[in-house]
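# Results of the structural survey
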Amino acid sequence: MIKAEFKRLKGPMYQGGLLLGVLVLLAVWILAIREIGGQNLSQINISVNSVEGVRNLIEEKEIYDILKRELKRDIGLIPIKDLDLRLMEKALSEDTRVHEVEVYVDAQNSLSIDIRQRRPIMRVMSENGQQFYIDQEGNFVARSEFKAVRVPVVTGHIEAYDDNWKWRPDSRLYMAYEIAKRLHNDEFLGSLIEQVHFERGKRIVLIPKVGKEKIVLDYVDDLDEKLSKIKPLYRHLASTDGWNKYREIDISYNKQVIGRNPVKP
């Protein structure tokens with residue numbers, strides 16, 4: 001009987017004690033959060049994960065400037081509880097040079113900003129003087145004021161950037177992008193060609209880093225077949241000491257390579 005009464009008393013008392021313990025832990029946790037939230041950052045770590053072969057398009061100073069402009073004050077002076085991490089991510093992701101960004105604070109009150117930048121495959125210098133990059137996915141990338149990226153330069157009679165160029169195969173920007181993708185995906189061509197020049201007519205001229213010969217092709221129809229002639233051509237020139245005999249080498253014709261404008265000895 002006494003045992004039964006003890007069991008009846010133990011149930012509510014035990015539950016009440018457990019609830020009290022939970023409330024105490026919750027209070028301690030809230031106080032700890034408030035204390036941490038009132039503190040400033042212990043350090044700021046910025047990581048720009050560059051892609052192989054591409055220099056950084058965006059610098060640490062620019063990242064600090066973007067955040068200071070968005071947050072209205074120096075990020076190092078803002079208490080942790082007042083940091084809007086989503087706003088920071090949004091501000092950085094709106095920069096055309098940034099592909100992905102993650103912002104977080106760890107248990108040591110350290111702020112980490114991890115950025116993956118876009119991967120340009122060509123730099124465009126349009127007729128009206130506009131300069132920009134196009135990345136591997138066809139996205140616009142603003143030209144960095146700090147460093148140039150070593151990718152083929154597109155020059156000549158080419159239009160300024162237009163958001164609809166991807167859906168216009170007759171656009172010269174579209175043609176340049178198709179060429180740049182092939183150069184990017186072929187190690188030999190990518191290391192050989194430094195400039196793609198659009199003339200007033202339909203000719204496109206590829207300017208190599210070695211030799212004085214310019215490589216000529218028409219519009220980008222049968223582009224893969226045309227470009228496939230370049231590697232055997234340069235092997236032939238190397239084996240026969242045939243460098244600099246022509247000013248132009250035309251690869252526009254089916255299964256033919258034509259040398260034009262012989263260089264006088």
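Residues numbered from 1 in each chain as written. Predicted model: local features only at pLDDT ≥ 70, side-chain atom pairs only at ≥ 80, totals over all residues. Heavy atoms only, no water.

### As for the environment of Leu-173
- Looking at where Leu-173 falls in the secondary structure, it is placed in helix α4 (residues 172-185).
- In this structure Leu-173 comes out as buried when scored by relative accessible area, which is 0%.
- Setting aside chain neighbours within four positions, we find Leu-173 in contact with Met-122, Val-124, Phe-132, Ile-158, Glu-159, Tyr-161 and Trp-165. (Helix = DSSP H or I, 4+ residues; strand = E, 2+ residues; numbered from the N terminus. Buried < 20%, exposed > 50% of the residue type's maximum accessible area, 1.4 Å probe, protein only. Contact = heavy atoms within 4.5 Å.)

### Some thoughts on the pairing of strand β8 (residues 193-198)
- Bridging between strand β7 (residues 153-156) and β8 involves 4 bridges; their strand directions are parallel. Along β8, the bridge assignment pairs Thr-155 with His-197.
- Where β8 lies against strand β9 (residues 204-208), 5 bridges are found, and the strand directions are antiparallel. Bridge pairing links Val-196 to Leu-206 in β9.
- What sits between β8 and β9 in their antiparallel hairpin is a turn of 5 residues. (Pairing = 2+ DSSP bridges.)

### Thoughts on the sheet that holds strand β2 (residues 98-105)
- Sheet architecture is open: 3 strands sit in the order β1-β3-β2, paired in mixed fashion. Both edges of this open sheet fall to β1 (43-49) and β2, since each of them pairs with a single strand only. In this sheet, neighbouring strand axes are inclined to one another by 10° on average, regardless of whether the strands run parallel or antiparallel.
- In the packing of helix α2 (residues 60-71) onto the sheet, the strands contacted are β1 and β3 (110-117), and the crossing angle to β1 comes to about 120°.
- Taken strand by strand, helix α3 (residues 85-93) contacts β2 and β3, and its axis lies near 160° from that of β2. (Axes fitted to C-alpha atoms, helices over the stretch in contact; angles between N-to-C directions.)

### Topic: the packing of α2 against α3
- One way to put it is that α2 packs onto α3 with a least axis distance of 10 Å and a crossing angle of 125°. As far as their axial angle goes, α3 and α2 are oblique. Of the two elements, α2 crosses α3, and the hand of that crossing is right-handed. Where α2 approaches α3, its residues Ile-63, Ile-66, Leu-67, Glu-70 and Leu-71 are matched on the opposing element by Leu-87, Met-88, Ala-91 and Leu-92.
- Split into classes, the residues belonging to the contact of α2 with α3 amount to 8 nonpolar, no polar and 1 charged. (Parallel < 35°, antiparallel > 145°, perpendicular 65-115°, else oblique. Left-handed = near helix turned anticlockwise from the far one by under 90°. Nonpolar A, V, L, I, M, F, W, Y, C, P; charged D, E, K, R; others polar.)

### A few points about the pattern of salt bridges
- Scanning the entire structure with this criterion turns up 16 salt bridges.
- The partner of Glu-178 in a salt bridge is Arg-182, with the nearest N and O atoms 2.6 Å apart. Taken together, the residues Glu-178 and Arg-182, both in helix α4 and 4 residues apart, mark about one turn of the helix.
- Judged by its relative accessible area of 13%, Glu-178 is buried.
- Take Arg-182: its relative accessible area is 25%, and that puts it in the partly exposed class.
- The closest approach of N and O atoms between Asp-224 and Arg-182, which form a salt bridge, is 2.8 Å. Taken together, the positions of Asp-224 in helix α6 (residues 223-227) and Arg-182 in helix α4 put the pair 42 residues apart, joining distant regions of the chain.
- Taking the relative accessible area as the measure of exposure, Asp-224 reaches 49% and is therefore partly exposed.
- Put simply, Glu-178, Lys-181, Arg-182 and Asp-224 are held in one network by salt bridges that share partners. (Salt bridge = Lys/Arg side-chain N within 4 Å of Asp/Glu carboxyl O.)

### What about the environment of Ile-230?
- Counting through the fold element by element, Ile-230 comes out in helix α7 (residues 230-240).
- Judged by its relative accessible area of 0%, Ile-230 is buried.
- Distance in space between the C-alpha atoms of Ile-230 and Val-257 is 9.1 Å, their sequence separation being 27 residues.
- Setting aside residues up to four positions removed in sequence, Ile-230 forms contacts with Phe-188, Leu-189, Leu-192, Leu-206, Ile-215 and Ile-251.

### Concerning the nonpolar core
- Grouped together as the largest cluster of nonpolar side chains are 32 residues, with contacts concentrated most on Met-122, Val-124, Val-154, Val-196, Phe-198, Leu-206 and Ile-230.
- Among the elements that line this core, the one with the most residues is α4, at 7 residues.
- In contact with Val-154, other than residues within four places in its own chain, are Met-122, Arg-123, Val-124, Met-125, Ala-176, Val-196 and Phe-198.
- Residues Leu-41, Leu-71, Ile-78 and Val-103 belong to the second largest nonpolar core, which totals 21 residues. (Core = buried A, V, L, I, M, F, W, Y, C linked by side-chain atoms within 4.5 Å.)

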